[in-house]
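The primary structure of each chain is shown beneath.
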Amino acid sequence: MEPMDWLGNEELLRFFHRHKTEMSCIENPHTFLSQLRDHDLVPDDQYKKVIRMKSKDNIRKGLYGILDLLEKEQPKRIKEFWSCVFKDTILNQYPILRLLRNSLKDERVGTEQSDDGKRKELSESEEGEEKKVKSVKKKRKLRRRSASDENEEEPAGPSSLSTPRKKSQKICYSSPLKKGEENNIWSWPIYKLQIPVTCGLQLGTLDRNRLAKGEKCIVVGKKWFTPNEFERFAGKMSSKNWKVTIRCGNTPLGKLIKEGHIEAARYKGGCKKAKKSLIPSGHVTTDVEEKEDSDLDEEDQASSCSKESSPSFTDEEGEEETEEQPEASNASGRKVFRVTCGPVAGTLHKKRFTSGTKGKCIRTETSWMTPVEFLNEALSQKDASWKKDIKCEGEPISVLIEADILRIHSLLCKCLLCKPDDEELANQKNDDECCICKREDEEQLVVCDCCPRSFHQKCHLPHLDDGMLGDESEWLCTFCISKTYRGCFYWEELEREAAMSCEISQRMLQCQYLLLCLCSADEEQIFGTNPCLYFNDYSSAIDTPMWLGHIADKLQKQLYKTVGEFVTDVDLIFSNCALYNQDNDEFLAMGNRLKELFDKEFKSVFNINE
């Protein structure tokens, strides 16, 4: 029996009001929203607005707005809402809804217990009043009753209740958290031994103790799986990254392990993010492990060994990686550091760092390197030390190590960064997030065989079809093709007007390269999506909104006839930005920076003579 069968509209609405925020935080809410739209519970324009959003924060805000609108404008349909979201197909995809359903059932139990208590209290009170009218002699007689008589049944009354009866403690499935606290269900007492997990649409239960021992720890029905087997059972066999694909609520297991909420033994199979090259490599040439330099002394090894556990360094978080914020005052919260060594510059990624010779953690324009490889690339000195000669904001990175911001792994560490297999070594050569949308999620990434960039299939221009994945030939991204063959096809100098009048079919590569440059440089994805979705007054201030994603779609569908039409749309983004953000210097500067980049690259790829 469903909770809607016995709870009234007012109770269901009150429960809805208390849990709007939790529901707005569900991950990948497209199926959830489609279900609401199919039952006419969400306006079509609001549905389309949220579906087009890419930012997780904006999706959550948009979803909360839809739920808030439903509560205010359609309160009488709240029973219909719960009925449609408590379907099995929806519950299997969103564990939080299953928890809410259990919590709603529990409210029924609590209501019944409360009503029973009130009725009993009332009965006891009435009987007590009747006793008050009896004589004092009767009361004295009761006090003189023998011990044997006291065991006889006596009508309940206030005077006979010497001690309050202890209430039975019922199991609570609803959140035990107070207002303002984080909704971390893995810390609830009911999930002390087991926690609900999902992988794609598949729901299971994870046994904490079995996970810590490295045994089959996830049960579906009566069948037990290892994390890797559960990932394959859920249809995610291509990812090979169970710490990201298997989640508790919206949180990847990798993050729970890294933060110490659960313990995990090392399972065979690796845990690198889903990245697949367009060529299924027959063999991977591994780098010969170099001898650790003299700076890694025994004290470092001992301290790192005592502080770390190997699983904590094999975790790969499913959340988006935040770029370095220059104004951040606390370096310990940063994940990316800009580093230099002589004339060479790069970015050091904290989660990839293990030691001087292991873990390709420094990214340059051309490749990923270990600190020692980065040092050798920049300096030819034999007595150079990576801890002293690699600088971060003018200070040697040894300062970060001493401050425990960067941790050197023990020589006995068995994590995949320290003891990588062939697949892990190949994965370390490319980025962990998409070069264009900056997202690092469960969706498969395609890697370039010439540079360190990675792409989602639909983010790259041109889009990459599934059929290309089986091609055994080497694949180069548009960035690499454009730079490799620049000048080979069109070496004559052009006037700007002549370049603008060229048929775009003959210059498609250059236009795709230019747009990818802008998307990659737009680190905050400010210009990637329709601004009308975020600013209510944008359409009234701007006649023709334009954004990079729209231009990418038009390029992919070959809707432009000339290069000039393409350039006009790009320039429209910057002119709209300047007009709308006249009083916002920050956004104005972003627009000007991208415009300068576009003009510079346009002159270069088209060999403009000015």
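Here the structure is a predicted model, which means the values were calculated and not measured.

## Quick look at the packing of aromatic side chains
Enumeration over the complete set of coordinates arrives at 20 aromatic pairs. For the ring pair Phe16 and Phe81, a centre distance of 5.0 Å and an interplane angle of 90° mean the geometry is edge-to-face. Here Phe16 is found in helix H1 (residues 9-18), whereas its partner Phe81 is found in helix H6 (residues 78-85), with 65 residues between them in sequence. Each member of the pair, Phe16 as well as Phe81, is classed as buried. Counting every residue linked through ring pairs, the aromatic cluster contains Phe15, Phe16, Phe32, Phe81, Trp82, Phe86 and Tyr94. Residue placement shows Arg352 over the ring face of Trp368; its charged tip is 3.7 Å from the ring centre. Note that Arg453 overlies the ring of Phe479, its terminal NZ or CZ placed 4.2 Å from the centroid.

## A look at the pairing of strand S2 (residues 202-207)
One ladder, built from six bridges, connects strand S1 (residues 194-199) with S2; its direction is antiparallel. Among the inter-strand pairings, Cys199 is bridged to a residue of S2, identified as Gln202. In this structure, the hairpin formed by S1 and S2 is closed by a connection of two residues, where Gly200 is found at a positive phi of approximately 65°. The pairing of S2 with strand S3 (residues 218-220) spans two bridges and is classified as antiparallel. For Thr205, the partnering residue across the bridge sits in S3 and is Val219.

## Quick notes on the pattern of salt bridges
In total, this model carries 16 salt bridges according to the counting rule given. Linking Arg334 and Glu393 is a salt bridge whose minimum nitrogen-to-oxygen distance equals 3.3 Å. Taken as a pair, Arg334 in the loop between helix H15 (298-307) and strand S8 (336-341) and Glu393 in the loop between strand S12 (391-392) and strand S13 (395-396) lie far apart in primary sequence, 59 residues in all. Here Arg407 ties to Asp404 by a salt bridge, and the two come within 3.3 Å at their closest N and O atoms. You can call Arg407 partly exposed: its relative accessible area is 35%.

## Side note on the sheet that holds strand S5 (residues 246-248)
Spatially, S4-S3-S2-S1-S5-S6 is the arrangement adopted by the six strands of the open sheet, whose pairing is antiparallel. Edge positions in the open sheet fall to strand S4 (223-225) and strand S6 (251-252), since each of these has one partner strand only. In this structure, S3 lies alongside S4, joined through three bridges in antiparallel fashion. Counterpart to Ile218 in the pairing with S4 is Phe225.

Thresholds, definitions, all that
- Residues numbered from 1 in each chain as written.
- Predicted model: local features only at pLDDT ≥ 70, side-chain atom pairs only at ≥ 80, totals over all residues.
- Heavy atoms only, no water.
- Phe/Tyr/Trp six-rings, centres within 6.5 Å; stacked < 30°, edge-to-face > 60°.
- Helix = DSSP H or I, 4+ residues; strand = E, 2+ residues; numbered from the N terminus.
- Buried < 20%, exposed > 50% of the residue type's maximum accessible area, 1.4 Å probe, protein only.
- Lys NZ or Arg CZ within 6 Å of the ring centre and 35° of its normal.
- Pairing = 2+ DSSP bridges.
- Salt bridge = Lys/Arg side-chain N within 4 Å of Asp/Glu carboxyl O.

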